[in-house]
Amino acid sequence: MTAHLRAEVTAQGVFDVLRRAGARGLSFAEVMDETGYTACQVRYGMSYLRESLPELKGSNVFTYDVRDRVYRIVYIPDVAESYELIGIRSEATRSYRVLTGTVIPHAKHSSAKQLRIIKRHLELVVDEVDDILAPA
């Protein structure tokens, strides 16, 4: 395969092999074997598939099952929920790092009222997200 495939093409290839696998799902290596894509192309296709427009996925849900270490596009409630929590935790951590590393330190020295208000609000949001996502 050529290294210069558009994201839509690699995403469609990944989608097709996952659809054929059904509820069984496929590991990353199996997706590579089935599509004939390189690891980079599969990652590129998966990242596009995660964020793709509904017309590509339809009513399917792209998930990664941590327990079985397989990718699926079949909705399994427990797997979908854990996958979404992983994504939310990751996004919350990234946002927290941006806030604590850039926004909050700059806002401390700012005289702009809007920036100070946003800083306070974002600190509250970060604290709430930490509390919500903390292990029970």
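Just above, that's the structure.
Residues numbered from 1 in each chain as written. Predicted model: local features only at pLDDT ≥ 70, side-chain atom pairs only at ≥ 80, totals over all residues. Heavy atoms only, no water.

J.: How should I be thinking about the overall build of the chain in this particular structure?
T.: Scanning the chain from N- to C-terminus turns up six helices and two strands. Reading the chain from its N terminus to its C terminus gives the helix and strand order α-α-α-α-β-β-α-α. Compactness check: the chain gives a C-alpha radius of gyration of 19 Å against a globular reference of 14 Å for 136 residues, more than 25% above the reference. When the 136 residues of the chain are sorted by exposure, 29% land in the buried category. Put simply, 50% of the contacts in the chain that link residues at least 6 apart link residues at least 24 apart. If you sum the accessible surface of the chain, you get close to 9100 Å²; carbon and sulfur atoms cover 56% of it. (Helix = DSSP H or I, 4+ residues; strand = E, 2+ residues; numbered from the N terminus. Rg over C-alpha atoms; globule rule 2.2 N^0.38 Å. Buried < 20%, exposed > 50% of the residue type's maximum accessible area, 1.4 Å probe, protein only. Contact = heavy atoms within 4.5 Å. Areas by Shrake-Rupley, 256 points an atom, 1.4 Å probe, with all protein chains shown as cover.)

J.: Which parts of the structure should I look at to understand the side chain of T63?
T.: Positionally, T63 belongs in strand β1 (residues 63–65). The class of T63 is buried, set by a relative accessible area of 2%. Residues in contact with T63, not counting those within four places in the same chain, are V70, Y71, R72, V74, V79, A80 and Y83.

J.: I tried to follow the layout of surface pockets on my own but got confused; where do I start?
T.: Take a probe with the size of a water molecule and roll it over the atoms, and the empty space left behind shows itself. The calculated volume of the largest pocket comes to roughly 200 Å³. At the level of elements, α5 (77–108) and α6 (113–133) are the ones that each hand at least two residues to the lining of the largest pocket. The element best represented in the lining of the largest pocket is α5, accounting for eight residues. (1 Å grid on protein atoms, 1.4 Å probe; cavity = no way out; pocket = protein on both sides within 12 Å on 5 of 7 lines; lining within 4 Å. Points joined across faces, edges and corners; volume = space filled by probe spheres on them.)

J.: Quick question: what am I supposed to make of a negative patch on the surface here?
T.: Taken together, the side chains of D127, E128, D130 and D131 present a region of like negative charge at the surface. Among the structural elements, E128 can be located in helix α6. (Patch = residues over 30% accessible without salt bridge, like charges linked within 9 Å, V, L, I, M, F, W, Y side chains within 5 Å. Salt bridge = Lys/Arg side-chain N within 4 Å of Asp/Glu carboxyl O. Lys, Arg positive; Asp, Glu negative; His and termini not counted. Charge placed at Lys NZ, Arg CZ, Asp CG, Glu CD.)

J.: Explain the packing of aromatic side chains here, please?
T.: To describe a pair of aromatic rings, you give the distance between the ring centres and the angle between the ring planes. Per the stated rule, a full pass over the model turns up two aromatic pairs. For the ring pair Y64 and Y71, a centre distance of 4.7 Å and an interplane angle of 45 degrees mean the geometry is tilted. By relative accessible area, which is 23% here, Y64 ends up partly exposed. For Y71, a relative accessible area of 15% gives the class buried. (Phe/Tyr/Trp six-rings, centres within 6.5 Å; stacked < 30°, edge-to-face > 60°.)

J.: So what exactly am I meant to see when it comes to the environment of D33 here?
T.: Within the fold, D33 resides in helix α2 (residues 28–35). Between the alpha carbons of D33 and V17 there is a distance of 9.9 Å; along the sequence they are 16 residues apart.

J.: Hey, could you run me through the packing of helix α1 (residues 7–21) against α2 in this one?
T.: When two helices pack together, you describe them by how their axes are tilted relative to each other and by the distance separating the axes. Between α1 and α2, the shortest axis-to-axis distance is 10 Å and the interhelical angle comes to 110 degrees. In terms of orientation, α1 and α2 fall into the roughly perpendicular class. On α2, the residues touching G13, V14, V17, L18 and R20 of α1 are V31, E34 and T35. A per-class count over the contact of α1 with α2 returns four nonpolar, two polar and two charged. (Axes fitted to C-alpha atoms, helices over the stretch in contact; angles between N-to-C directions. Parallel < 35°, antiparallel > 145°, perpendicular 65-115°, else oblique. Nonpolar A, V, L, I, M, F, W, Y, C, P; charged D, E, K, R; others polar.)

J.: Explain the pattern of salt bridges here, please?
T.: Oppositely charged side chains can form a pair if their charged atoms are brought close together. All told, the structure shown has eight salt bridges when counted by the stated rule. For D65, the salt bridge goes to R67, with nearest N and O atoms at 3.8 Å. In this structure R67 comes out as exposed when scored by relative accessible area, which is 68%. Within this structure, D65, R67, D68 and R72 form a network of salt bridges that share partners.

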